[in-house]
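Listed here are the chains, written in short residue letters.
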Amino acid sequence: MKKYFLVVIVVFGLFQSCKQSNSVGVRNENIGGALGTSYSIISITSDKIDLQKEIDSVFAVINHSLSTYIPESDISRINNGDSTVVVDEMFREVFNLSKEINKETNGFFDPTVGTLVNAWGFGPERQISMDSLKIDSLLNFVGLDKILIDDTNRIIKTNPNIYLDFNAIAKGYSIDRLAAMLDAKGINNYLIEVGGELVAKGKNTIKDKSWVVGIDDPEMQVKRATKILINLNDRALASSGNYRKFRVDETTGKKYVHTVNPKTGYTQISNTLAVTILADDCATADAYATAFMAMDLSDAFKLINENKRLEAYIIYVDEKGETQEFLTKGFKELVVE
């Protein structure tokens, strides 16, 4: 499932200089590019350390397993019909979590929807002419229930043309793997950001405060502006939005965004502008943020209220065409006044 546009998270105060003191810790910062986006990792340790080699290693193994942009990766070979690929533990973890969230979202999170996204012209491939017969044909290639991992850790598809793409969960998973690396090194205070998605642990001990991050205003089409600031404490955060791909109803003036419904195969009109999800791990937050963009708003509200593991912030357009905000109680408690 593709994320058409990501609500970029502005990391608040990460790049401000500060006086470092061993009494409160030393600030380490690693900035670079990976997974087709940028990353920033801030860690606070008793002594200065260099984590670049370990960071590069995490991204390398993620790419080898899950990147659809690398022809030699496991997932690319699988998509190209190589049935001999034995998938690794990371692939299995992402696959199994995808299965779980696919079930919990009633199929709205589906890593096999890329074929439809491309066909409708929302992906990198050339748009094709769509009608009911073409949609019915393409739906044969959509459905996570049509793929399984057998006892030898090989992928079995009911149709060889099924295209698997973990784009909507792999970035969050990579952040979780970076966090696990830092945890293994005994680092207790850090903030990891990759392409606007984050995991925070501990606090900014140098400033003696929680990690504070900002969420972009989805209605700012040119310049970016922060909508709200929140304290991020020992949680993961991911956002999704397709507010820049929309149409305006000539009669009502209402703004609608377009999302491909993986269940029907058709584009689905939605008044949801942006979704931000808090969860215990970033892969889960990443996947749910994507799924809620594809759902009817009422279904998203219902699922959020039922799932006590998630906190959510949703920006949407009401029946009068006015922008509204929905925050769960737990999310509201984190907002910086």
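Our structure is the block above this text.
In what follows, the accompanying structure is described. (Residues numbered from 1 in each chain as written. Predicted model: local features only at pLDDT ≥ 70, side-chain atom pairs only at ≥ 80, totals over all residues. Heavy atoms only, no water.)

Further remarks concern the overall build of the protein. A count of helical and extended segments in the protein gives nine helices and 16 strands. For the protein, the proportion of its 337 residues judged to be buried stands at 54%. Taking contacts inside the protein between residues at least 6 apart in sequence as the whole, the part at least 24 apart equals 60%. Accessible surface computed for the protein: about 15,500 Å², of which carbon and sulfur atoms make up 48%. (Helix = DSSP H or I, 4+ residues; strand = E, 2+ residues; numbered from the N terminus. Buried < 20%, exposed > 50% of the residue type's maximum accessible area, 1.4 Å probe, protein only. Contact = heavy atoms within 4.5 Å. Areas by Shrake-Rupley, 256 points an atom, 1.4 Å probe, with all protein chains shown as cover.)

The subject of this paragraph is the packing of aromatic side chains. Enumeration over the complete set of coordinates arrives at six aromatic pairs. Measuring from ring centre to ring centre gives 5.8 Å for Tyr288 and Phe292, while their planes differ by 35°; the resulting arrangement is tilted. Taken together, the residues Tyr288 and Phe292, both in helix 7 (residues 282-294) and four residues apart, mark about one turn of the helix. Take Tyr288 and Phe292: they sit in the same class, and that class is buried. Here the aromatic rings of Phe301 and Phe326 are separated by 4.6 Å at their centres, their planes lie at 45°, and the arrangement is tilted. Linking Phe301 in helix 8 (residues 297-306) with Phe326 in strand 16 (residues 323-327), this pair joins segments that are 25 residues apart in sequence. Both residues of the pair, Phe301 and Phe326, count as buried. A connected cluster of aromatic rings, assembled from ring pairs, spans Phe301, Tyr316 and Phe326. (Phe/Tyr/Trp six-rings, centres within 6.5 Å; stacked < 30°, edge-to-face > 60°.)

What follows deals with the sheet that holds strand 6 (residues 189-194). Across the sheet, eight strands lie side by side as 2-3-6-7-10-14-15-16; this open sheet has antiparallel pairing. Strand pairing shows two members of the sheet lacking a second neighbour, strand 2 (26-34) and strand 16, which therefore form its edges. Pairs of neighbouring strands in the sheet enclose a mean axial angle of 10°, with direction left out of account. Relative to strand 14 (residues 272-279), strand 10 (residues 236-241) runs antiparallel, the two sharing six bridges. Bridge pairing in strand 14 links Gly241 to Ala274. Along the sheet face, helix 1 (residues 52-66) touches strand 2, strand 3 (37-45) and strand 6 and points at about 140° away from the line of strand 3. Of the strands in this sheet, strand 14, strand 15 (311-317) and strand 16 touch helix 8, which is tilted by about 165° from strand 15. (Pairing = 2+ DSSP bridges. Axes fitted to C-alpha atoms, helices over the stretch in contact; angles between N-to-C directions.)

Phe91, Leu116, Phe166, Leu178, Ile192, Ile277 and Phe292 are the most contacted members of the largest nonpolar core, which totals 79 residues. The dominant element in this core, judged by the number of residues it contributes, is helix 7, at ten residues. Not counting chain neighbours up to four residues away, the residues in contact with Phe166 comprise Leu66, Ile75, Phe91, Val94, Phe95, Ser98 and Pro111. Core analysis: the second largest hydrophobic core is formed by 22 residues, Ile215, Ile230, Leu232 and Val335 among them. (Core = buried A, V, L, I, M, F, W, Y, C linked by side-chain atoms within 4.5 Å.)

We now examine helix 6 (residues 167-184). Taking 1.5 Å of rise per residue, the 18 residues of helix 6 would be expected to cover 26 Å, and the 26 Å separating its terminal C-alpha atoms lies within 8% of that figure. Most of helix 6 sits out of view: 13 of its 18 residues are buried. Backbone geometry just after helix 6 places Gly186 at a positive phi near 75°. (Expected span 1.5 Å × (residues − 1).)

One way to put it is that helix 3 (residues 89-104) packs onto helix 7 with a least axis distance of 11 Å and a crossing angle of 40°. Viewed along their axes, helix 3 and helix 7 adopt a mutual orientation that is oblique. In the packing of helix 3 onto helix 7, the handedness of the crossing is right-handed. Across the interface between the two elements, Leu97, Ile101 and Glu104 of helix 3 pack against Ala283, Thr284, Ala287 and Tyr288 of helix 7. Of the residues assigned to the contact of helix 3 with helix 7, the class counts are five nonpolar, one polar and one charged. (Parallel < 35°, antiparallel > 145°, perpendicular 65-115°, else oblique. Left-handed = near helix turned anticlockwise from the far one by under 90°. Nonpolar A, V, L, I, M, F, W, Y, C, P; charged D, E, K, R; others polar.)

Let us look at the pattern of salt bridges. Counted by the stated rule, this structure contains twelve salt bridges. A salt bridge links Asp183 to Lys201; its shortest N-O distance comes to 3.0 Å. Of this pair, Asp183 sits in helix 6 while Lys201 sits in strand 7 (residues 197-201); the two residues are 18 residues apart in sequence, bridging distant segments of the chain. For Lys201, a relative accessible area of 25% corresponds to the partly exposed category. In this structure, Glu333 engages Lys329 in a salt bridge whose closest nitrogen and oxygen atoms are separated by 2.7 Å. Lys329 shares its class with Glu333; the two are exposed. (Salt bridge = Lys/Arg side-chain N within 4 Å of Asp/Glu carboxyl O.)

The next thing to look at is the side chain of Thr276. Positionally, Thr276 belongs in strand 14. What makes Thr276 buried here is its relative accessible area of 2%. One polar contact links Thr276 to Ser239, side chain to side chain, over a distance of 2.7 Å. Ignoring any residue separated from it by four or fewer positions in sequence, one finds Thr276 in contact with Ile215, Leu237, Ala238, Ser239, Glu311, Ala312, Tyr313 and Phe331. (Polar contact = N/O pair within 3.5 Å; in protein donor to acceptor, adjacent residues only side chain to side chain.)

Moving on: the environment of Gln324. In this structure, Gln324 sits in strand 16. Taking the C-alpha atoms as reference points, Gln324 and Leu273, separated by 51 residues in sequence, lie 9.7 Å from one another. Leave out the neighbours within four places in its chain, and Gln324 touches Ile314, Ile315, Tyr316 and Asp318. At 2.8 Å, the side chain of Gln324 forms a polar contact with the side chain of Asp318.

It is worth stressing that arrangement in space is one thing and function is another; only the former is reported here.
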